[in-house]
Amino acid sequence: MKETTLLKIALICSLVGLAVLYFISTKIEPTDFSASGLSQNVGEDVRLKGLVKNIDDKGSVVFIEVEQQSPVTVVLFAEGSELKLNSGDNIEVFGKVQEYKGKNEIVAQKIMVIR
Amino acid sequence: MFPEILVAIILGCVMGVITGLTPGLHINLVALILFSLSPVLLGYTNVVAVASFIIAMSITHTFTDFISATYLGAPADDTALAVLPAHRLLLDGRGHEAVKLTVIGSLLCLILTIALSPLLIFIVPIIFEYLKNYVGWILLAVIIFMILREEGIDKKFWALIVVALSGSFGLIVFNIPNLKDPLLPMLSGLFGVSVLLLSLSQRVTLPMQRATEMIKIKTKNMAKALGSGVFSGSLVSIFPGVGPAQAAVLAGQIVGKIDTFSYLILVGGINTVSMVLSLITLLTIQKARNGSIIVVQQLLQSISTGMLILFLAVALIAGGIATFLTLYVSKIFSRVMNKINYSLLSIAIIIFIALMVFYFSGIIGILILLVSVSIGLVPNIINVSRANAMACLIVPVILVNVL
């Protein structure tokens, strides 16, 4: 095998990878949350950044109120979760928008504290 | 997200070159540092970009670590068995060819694994369920076969002695409490320093290194090497306790006697395959068998099929970039080798390895290095395969799985 052949294969690999990456990154990127988006996008994956305003720990489920123009409720099913949150923490939430008793909320799949 | 991931891939590839060229600097360590910094990093970027950096670094590392194994004789667990054939080619003025062969293995196995990934997503859970209780027995059969493959009763006996010596040595080393990085002194002694000492004692002079454009490999041999690389690399990512080193030994037994070129292609492919397949097992059996991919798992918790496709694309891009980088750096090493005294270089490398061992594993590491060098010299004296010394990693896995 010639070295130039190997380099050509490597170049094709990178280009194919780039094309796939570009296509898939536009498809799977969670939409940044906006208040209007929450009401419109039930069932969609969203990302939300904001300060924790209030935490209501019910044991197996935790309700986190995140400061936005109008506060958003994030639901975290906490079984096995070791996440420790305090009011005032800056967090990033990845989750799905869900409608519950006429209100929209985000069911968290992942919450990270940003420092 | 696309530009952020691209930057992460480029930075990851650069870091992969650094970790690959520095004996003792493991990708797992860099991945763990990144994980501990993730709360700060996520203020500037997103979690997918951090994961992409780790994947690009890990893939590039599986390409570049053969440079230090070939030119410096400093092996890691995935390159240990490549040191001897690569060193032979280096002493024949063909160090760059040795590296190029491992790059062929890494790149083509990467492409094959990604092409087979739709199939592997279904097959991996089935194989895992079926074979998970037999790993120890399979490895025991491999080690018995390795001994029996030596020619003549004398060599079989001495192969058994080497297996017993290195197996017991591995058991002792892995049971030393609070020992950081036991693999560095053990493998550097068995497969690196001992080879360099033999070169020194035989007053080996390095011939002019040449960078040939063409390598002739029979298509049948290449297909055999790539197939075995993908198969044994899969074992690493599916079964607990099986590392690239054990997989390389297993693959060597499966393909039988193959030429040096095909063997280097095979060994080159194993670690790249295991890295890519770790991403697939993360989706299919929710298990990562690889340190850096475990950090990706910690960052993301779980991955979706879409995310897996994204990471496979990251691996493909990183593999392409790593091919260019590895061949470029190898040519630089090749040119430098022409200008320096090999005996002095060997002494410098031995001192460097000893210093690295002392830094990472302390005085106990130096003791392990001395013992492993002594054991590493035995196969050469009695003329049996040095691969038998891999028992230091295989015997502990057999005992954990069988007993």
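In what follows, the structure referred to is the one given above.
All figures in this text were calculated on a predicted structure; none of them were measured in a lab.

Trainee: What is the right way to read the side chain of Thr113(B) from this model?
Mentor: All names here are of chain B. Mapped onto the fold, Thr113 is located in helix α5 (residues 95–131). The class for Thr113 is buried, based on a relative accessible area of 0%. At a separation of 2.5 Å, a polar atom in the side chain of Thr113 contacts the main-chain carbonyl oxygen of Cys109. Those residues in contact with Thr113, other than ones at most four positions away along the chain, are Leu120, Val230, Val273, Val276 and Leu277.

Trainee: When you look at the nonpolar core in this model, what are you seeing that I'm missing?
Mentor: All names here are of chain B. Membership of the largest hydrophobic core comes to 117 residues, with the highest contact counts inside it found for Ile54, Ile55, Ile59, Leu310 and Phe311. Ranked by residue count, the leading element in this core is helix α3 (residues 47–72), at 16 residues. Beyond its immediate sequence surroundings of up to four residues, Phe311 is in contact with Val48, Ala51, Ser52, Ile55, Leu279, Val296, Leu300 and Ile303. Counting residues in each nonpolar core, the second largest holds 34 residues, with Leu187, Leu250, Val378 and Ala389 among its members.

Trainee: What is the right way to read the state of the cysteines from this model?
Mentor: Disulfides are covalent bonds that link the sulfur atoms of two cysteine residues. Tallying each qualifying case throughout the model produces zero disulfides over all chains. For the unlinked cysteine Cys13(B), the closest cysteine sulfur is that of Cys13(A), found at 12 Å. What makes Cys13(B) buried here is its relative accessible area of 1%. Summary of cysteine pairing: Cys109(B) is not part of a disulfide, and the nearest cysteine sulfur, belonging to Cys13(A), is at 12 Å. With relative accessibility at 0%, the residue Cys109(B) sits in the buried group.

Cut-off values and rules
Residues numbered from 1 in each chain as written. Chains lettered and ligands numbered in written order. Predicted model: local features only at pLDDT ≥ 70, side-chain atom pairs only at ≥ 80, totals over all residues. Heavy atoms only, no water. Helix = DSSP H or I, 4+ residues; strand = E, 2+ residues; numbered from the N terminus. Buried < 20%, exposed > 50% of the residue type's maximum accessible area, 1.4 Å probe, protein only. Polar contact = N/O pair within 3.5 Å; in protein donor to acceptor, adjacent residues only side chain to side chain. Contact = heavy atoms within 4.5 Å. Core = buried A, V, L, I, M, F, W, Y, C linked by side-chain atoms within 4.5 Å. Disulfide = S-S within 2.5 Å.

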